[in-house]
Amino acid sequence: MAAPPLQPVPPPAAVNGDGFRLGFIGAGNLAESIARGVAASGVLPASAIRTAPHRRPERGAAFASIGACLLDTNAQVVDDSDVIVISVKPQIVKQVLLELKPLLSDEKLLVSIAAGIKMKDLQDWSGQRRIIRVMPNTPSAVGQAASVMCLGEMATQKDENRVQSLFSAIGKVWTAEEKYFDAVTGLSGSGPAYVFLAIEAMADGGVAAGLPRDLALGLASQTVLGAATMVSETGKHPGQLKDQVTSPAGTTIAGVQELEKGAFRGTLISAVVAAAKRCRELS
């Protein structure tokens with residue numbers, strides 16, 4: 001019998017009484033999305049969030065608009081935070097962690113959202129064992145992220161609960177072993193681009209069939225959103241939901257037949273596998 005599908009980790013009981021302070025090393029768009037979600041959801045008050053100035057002044061302004069605390073240096077962020085999110089570009093993670101290493105202690109939880117940076121490297125560069133690695137994706141900007149986390153050897157249940165709460169504020173969270181992270185990158189990390197292409201192509205098809213561009217794009221995007229919501233909320237297999245739409249000799253099965261001629265499913269499978277392979281090569 002096939003194993004039941006892995007379900008997202010439900011957010012733990014509210015931790016806003018936990019009183020921890022959340023620091024971001026790096027104030028980019030993804031860090032801002034997390035900070036906004038955390039503050040808006042009430043997981044933490046905005047005053048418990050801190051970061052340091054960014055090379056682009058507008059990034060600091062974005063955090064200030066949330067009500068977060070802007071400190072002068074990354075060292076101050078580390079000193080004044082209980083949970084520290086490493087949200088810099090992957091190519092400078094090593095440099096940043098080596099600089100912060102003397103400031104880190106066992107009392108600090110390190111959370112990395114840097115794509116492709118392995119747990120072993122995070123441990124070696126930071127000198128820490130209390131680490132959680134998280135792979136979110138770009139729909140975090142609209143509160144619909146798909147995030148996967150894995151725990152370092154010294155991460156505690158309390159650490160796991162805190163991180164679940166943080167990332168549940170911007171979407172859904174799963175827990176998996178790190179060995180799956182390249183495949184996670186190929187599917188949910190790169191997957192939004194595949195869906196954007198599908199929406200664009202569906203809208204183009206609508207235009208080709210005679211629809212105005214704005215109506216075609218609106219219908220395509222809402223159709224994808226609605227279909228995804230049905231899969232997520234009904235618990236039904238997507239093949240079962242597809243069969244419910246495809247009546248005998250009807251319009252939908254005619255369209256599905258064309259997709260099969262074009263190897264639609266096989267192409268998507270190959271895209272995920274290719275992206276996962278590339279992730280392994282880069283890391």
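Residues numbered from 1 in each chain as written. Predicted model: local features only at pLDDT ≥ 70, side-chain atom pairs only at ≥ 80, totals over all residues. Heavy atoms only, no water.

Test applied: UniProt positions are given in the numbering used here, feature names are shortened, and annotations may be inferred rather than shown by experiment.
Under an unreviewed UniProt entry, the name given to the chain is Pyrroline-5-carboxylate reductase, and the organism recorded is Urochloa decumbens. In its Pathway (unreviewed entry) section, UniProt records this for the chain: "Amino-acid biosynthesis; L-proline biosynthesis; L-proline from L-glutamate 5-semialdehyde: step 1/1." Reading the Subcellular location (unreviewed entry) entry of the UniProt record for the chain gives the comment "Cytoplasm".

1. Focus: the overall build of the chain
The condition is simple: For helices the rule is a DSSP run of H or I covering at least 4 residues; for strands it is a run of E covering at least 2, with both sets numbered from the N terminus onward. Residues are treated as being in contact if the distance between any of their heavy atoms lies within 4.5 Å. Only the protein chains shown count as cover for residues, with accessible areas throughout obtained via the Shrake-Rupley method and a probe of 1.4 Å. In this count, Lys and Arg are taken as positive residues and Asp and Glu as negative ones, while His and the chain termini are left out. To locate a charge, take NZ of a lysine, CZ of an arginine, CG of an aspartate or CD of a glutamate.
Scanning the chain from terminus to terminus reveals 12 helices and eight strands. The principal-axis extents of the C-alpha atoms in the chain amount to approximately 70 × 45 × 35 Å. For the chain, long-range pairs separated by at least 24 residues make up 64% of all intrachain contacts whose partners lie at least 6 apart in sequence. Total accessible area on the chain is roughly 15,300 Å²; 60% of this is exposed by carbon and sulfur atoms. When the 27 basic and 26 acidic side-chain charges of the chain are each reduced to a single mean position, those positions are 2 Å apart.

2. Observations concerning the UniProt feature "binding site: NADPH" (unreviewed entry) in the chain
When the UniProt feature table is mapped onto this chain, "binding site: NADPH" (unreviewed entry) is found at N74. Tracing the backbone through its elements, the reader meets N74 in helix α3 (residues 74–79). In this structure N74 touches I25, A52 and L100, once residues within four positions along its chain are discounted.

3. Some details on the confidence of the model for the chain
This is how the line gets drawn: Residue-level confidence of the predictor is summarised by pLDDT, bounded by 0 at the bottom and 100 at the top.
Of all residues in the chain, 94% attain a pLDDT of 70 or more, and the chain-wide mean is 91. Long-range and interchain partners of residues 12–17, a stretch whose pLDDT sits below 50, account for eight contacts in this model, where long-range means more than four residues apart.

4. Quick look at unusual backbone geometry
Here A249, not a glycine, exhibits a phi torsion of approximately 55 degrees, which is positive. With respect to the helices, strands and loops of the structure, A249 is situated in the loop between α10 (238–245) and α11 (251–261). One non-glycine residue, A263, lies in the positive phi region at around 55 degrees.

5. Observations concerning the UniProt feature "domain: Pyrroline-5-carboxylate reductase dimerisation" (unreviewed entry) in the chain
As annotated by UniProt and renumbered to match this structure, "domain: Pyrroline-5-carboxylate reductase dimerisation" (unreviewed entry) occupies residues 178–282. The span residues 178–282 is 83% helical and 0% strand by assignment, and the distance between its end C-alpha atoms comes to 16 Å.

6. Remarks on the side chain of R133
Here is the rule: Exposure is judged per residue with a 1.4 Å probe applied to protein chains only, and the accessible area is read against the type maximum: over 50% gives exposed, under 20% gives buried, and values in between give partly exposed. Residues adjacent in sequence count toward polar contacts only when both atoms are side-chain atoms; beyond that, a polar contact is any pair of N or O atoms within 3.5 Å, and within protein one must be able to donate a hydrogen and the other to accept it.
Along the chain, the position of R133 falls in strand β6 (residues 131–135). The buried category is assigned to R133, whose relative accessible area is 2%. A distance of 2.7 Å separates polar atoms of two side chains, one belonging to R133 and the other to E178. With residues up to four places along the chain from it excluded, the contact list for R133 reads S112, G116, I117, K118, M119, V148, M149, C150, E178 and F181.

7. Topic: the nonpolar core
Definition in use: The term nonpolar core refers to a set of buried residues drawn from Ala, Val, Leu, Ile, Met, Phe, Trp, Tyr and Cys, joined through side-chain atoms within 4.5 Å.
By size, the foremost hydrophobic cluster in this structure holds 31 residues, and its most contacted members are L22, F24, L166 and F167. When residues of this core are traced back to their parent elements, those giving at least two are β1 (22–25), α1 (29–41), α2 (57–66), β4 (83–86), β5 (109–112), β6, β7 (145–151) and α6 (157–168). Examining the composition of this core, we find that four residues originate from one element, α1, more than from any other. Here L166 is in contact with F20, L22, V38, V43, L44 and V83, once residues within four sequence places are set aside. Judged by nonpolar contacts, the second largest core, of 26 residues, contains A52, V96, L100 and M135.

8. Details of the packing of helix α7 (residues 181–189) against helix α12 (residues 264–282)
Selection rule: Axis angles are defined between N-to-C directions and span 0 to 180 degrees, where every axis is a line fitted to C-alpha atoms and, for a helix, only to the segment in contact. The cut-offs work like this: below 35 degrees is roughly parallel, past 145 is roughly antiparallel, 65 to 115 is roughly perpendicular, and the gaps in between are oblique. Each helix crossing is assigned a hand: it is left-handed if the near helix lies turned anticlockwise from the far helix by less than a right angle, otherwise right-handed if that turn is clockwise. Under this grouping Gly is polar, as are all residues other than the nonpolar Ala, Val, Leu, Ile, Met, Phe, Trp, Tyr, Cys and Pro and the charged Asp, Glu, Lys and Arg.
Between α7 and α12, the least distance of the axes is 7 Å, while the angle of their chain directions is 135 degrees. With respect to α12, the element α7 is oriented oblique. Judged by the twist between their axes, the crossing of α7 over α12 is right-handed. Where α7 abuts α12, its residues D182, A183, T185, G186 and L187 lie against V272, A275, A276, C279 and R280. Grouping the amino acids of the contact of α7 with α12 by side-chain chemistry returns six nonpolar, two polar and two charged.

9. A closer look at the packing of α7 against helix α8 (residues 191–208)
The description of two packed helices rests on the angle between their axes and on the distance between the axes. Running from amino to carboxyl end, α7 crosses α8 at an angle of 25 degrees, the nearest separation of the two axes being 5 Å. The pairing of α7 with α8 is recorded here as roughly parallel in orientation. On α8, the residues that touch G186, L187, S188 and G189 of α7 are G191, P192 and Y194. Looking at the contact of α7 with α8 residue by residue, the classes come out as three nonpolar, four polar and no charged.

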